[in-house]
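Residue strings, one per chain:
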Amino acid sequence: MNQPLIVTVAPNGAYKTKEQHSNVPLTATELAQTAKECLDSGASMIHMHVRKPDGTHLLDAHAYLEATAAVRKAVGQELVVQITTEAAQVYQPYEQMQVARDVNPEAISVGLREILKPEVPESDIQAFFTWLKDSNVMTQVILYDVADVQAWQRLRSSGVIPENKWFLLFVLGRYSAGQTSSPTDLLPFLEAHDEAYPWAMCAFGPQENACAIAAASLGGHARVGFENNLFLKSGEQASNNGALVAQVRKGAEALGRPLATASDIRSLFLN
């Protein structure tokens with residue numbers, strides 16, 4: 001259990017607004033400030049969305065590069081910067097794959113079900129994941145349920161997904177009533193998981209921290225932040241993203257599990 005715990009912060013997502021919380025970061029400057037707060041609280045990676053001027057979801061290489069530069073100015077190399085390819089009901093698979101190529105980021109997340117579509121030949125999926133591997137982009141594959149886990153395993157066993165240092169993200173409770181999560185939501189994923197790759201979780205609602213600590217106790221990693229949850233474990237609204245990260249740090253301390261640094265992550269996935 002001494003493997004360092006990777007704590008990723010997801011500070012904004014595709015949908016959260018200032019009306020929901022004044023400290024949801026929407027601009028490059030705000031993302032940079034949030035990155036510093038969360039680094040100081042114990043995060044080693046930031047999962048970053050960018051927005052249009054009107055606050056709506058955006059996949060755009062220039063916006064990603066601008067935000068990444070702002071974060072780097074604030075924290076240097078002390079956080080791994082992960083961008084997203086999330087469709088958010090706006091973008092199509094080929095647009096999602098193209099923004100990855102246009103940015104060529106240090107790290108990226110890819111929702112498997114968003115590109116595993118009837119209109120996308122598996123040869124194009126193979127080409128995309130091969131490009132990610134060859135370009136040394138740290139790739140986190142997002143899986144929403146056991147069917148996604150099984151699809152991932154099928155694509156690997158059939159050779160569509162090449163062998164690489166992939167990182168998995170189990171999304172807990174995405175399709176539950178009220179879209180709230182509990183630690184037991186992790187169990188079906190772990191039962192289906194073949195332990196071939198490291199995994200993390202993210203969760204919705206006030207039990208986000210309980211889910212994160214459950215994952216940490218079972219050898220996984222944790223992603224927390226305003227993208228999925230605005231509340232502390234007490235039920236009170238968190239003041240900022242750093243407060244959610246700090247809760248996980250305290251839980252990790254109770255478990256005797258050290259926190260990963262950005263260097264630890266790069267050693268695990270990029271070297």
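Please read all numbers here as calculations on a predicted model, not as lab measurements.

Side note on the pairing of strand S10 (residues 221–224)
- Residue alternation in S10 divides its side chains into two sets, His221 and Arg223 and Ala222 and Val224, and both sets are buried.
- Two elements, strand S9 (residues 199–203) and S10, share 2 bridges in a ladder whose sense is parallel. Bridge pairing in S10 links alanine 200 to histidine 221.
- For the crossover from S9 across helix H8 (residues 208–217) to S10, the handedness is right-handed.

Remarks on the pattern of salt bridges
- According to the stated counting rule, one finds 10 salt bridges in the structure shown.
- Here arginine 249 and glutamate 253 are joined by a salt bridge, their closest N and O atoms 3.9 Å apart. Of this pair, arginine 249 and glutamate 253 both sit in helix H9 (residues 241–255), 4 residues apart, which is roughly one turn of that helix.
- Salt bridges here are not isolated pairs; linked through shared partners, they connect Arg72, Glu106 and Arg266.

Focus on the sheet that holds strand S8 (residues 167–172)
- The 8 strands are arranged S1-S2-S5-S6-S7-S8-S9-S10 in a closed barrel whose pairing can be described as parallel. Pairwise comparison of adjacent strand axes, ignoring direction, gives a mean angle of 25° for this sheet.
- Lying over the sheet, helix H2 (residues 61–75) contacts strand S2 (45–48) and strand S5 (80–84), oriented at roughly 160° with respect to S5.

Points about the environment of serine 41
- Positionally, serine 41 belongs in helix H1 (residues 28–41).
- With 208 residues separating them along the chain, serine 41 and arginine 249 place their C-alpha atoms 7.5 Å apart.
- There is a polar contact of 3.0 Å between the side chain of serine 41 and the backbone oxygen of glutamate 37.

Notes on the side chain of arginine 51
- As for its placement among the helices and strands, arginine 51 is situated in strand S3 (residues 50–51).
- Within the buried core, arginine 51 has no salt-bridge partner, and the shortest N-O distance to an opposite charge, that of aspartate 54, equals 7.8 Å.
- Of the polar contacts made by the side chain of arginine 51, one reaches the backbone oxygen of asparagine 12; its length is 3.2 Å.
- Among the polar contacts made by the side chain of arginine 51, one reaches the main-chain carbonyl oxygen of glycine 13 at a distance of 3.0 Å.
- What arginine 51 contacts, discounting residues up to four positions off in sequence, is Asn12, Gly13, Ala14, Tyr15, Lys16, Leu26, Thr56, His57 and Leu58.

As for the packing of H2 against helix H3 (residues 93–103)
- Two elements in contact, H2 and H3, have axes separated by 9 Å at closest approach and are oriented at 45°. Here H3 runs oblique to H2, going by the angle between their axes. Judged by the twist between their axes, the crossing of H2 over H3 is right-handed. Along its contact with H2, which presents Ala61, Tyr64 and Leu65, the element H3 presents Val99, Asp102 and Val103.
- For the contact of H2 with H3, the class distribution of residues is 5 nonpolar, no polar and 1 charged.

What about unusual backbone geometry?
- Its identity as a non-glycine residue notwithstanding, asparagine 136 has a phi of 55°, on the positive side.
- Mapped onto the secondary structure, asparagine 136 falls in the loop between helix H5 (122–134) and strand S7 (138–143).
- Owing to a relative accessible area of 42%, asparagine 136 belongs among the partly exposed residues under this scheme.
- Even without being a glycine, glutamate 195 presents a positive backbone phi close to 65°.

Conventions adopted
Residues numbered from 1 in each chain as written. Predicted model: local features only at pLDDT ≥ 70, side-chain atom pairs only at ≥ 80, totals over all residues. Heavy atoms only, no water. Buried < 20%, exposed > 50% of the residue type's maximum accessible area, 1.4 Å probe, protein only. Helix = DSSP H or I, 4+ residues; strand = E, 2+ residues; numbered from the N terminus. Pairing = 2+ DSSP bridges. Right-handed = clockwise from strand over helix to strand, strands pointing away. Salt bridge = Lys/Arg side-chain N within 4 Å of Asp/Glu carboxyl O. Axes fitted to C-alpha atoms, helices over the stretch in contact; angles between N-to-C directions. Contact = heavy atoms within 4.5 Å. Polar contact = N/O pair within 3.5 Å; in protein donor to acceptor, adjacent residues only side chain to side chain. Lys, Arg positive; Asp, Glu negative; His and termini not counted. Parallel < 35°, antiparallel > 145°, perpendicular 65-115°, else oblique. Left-handed = near helix turned anticlockwise from the far one by under 90°. Nonpolar A, V, L, I, M, F, W, Y, C, P; charged D, E, K, R; others polar.

Purely geometric numbers; function is a separate question.
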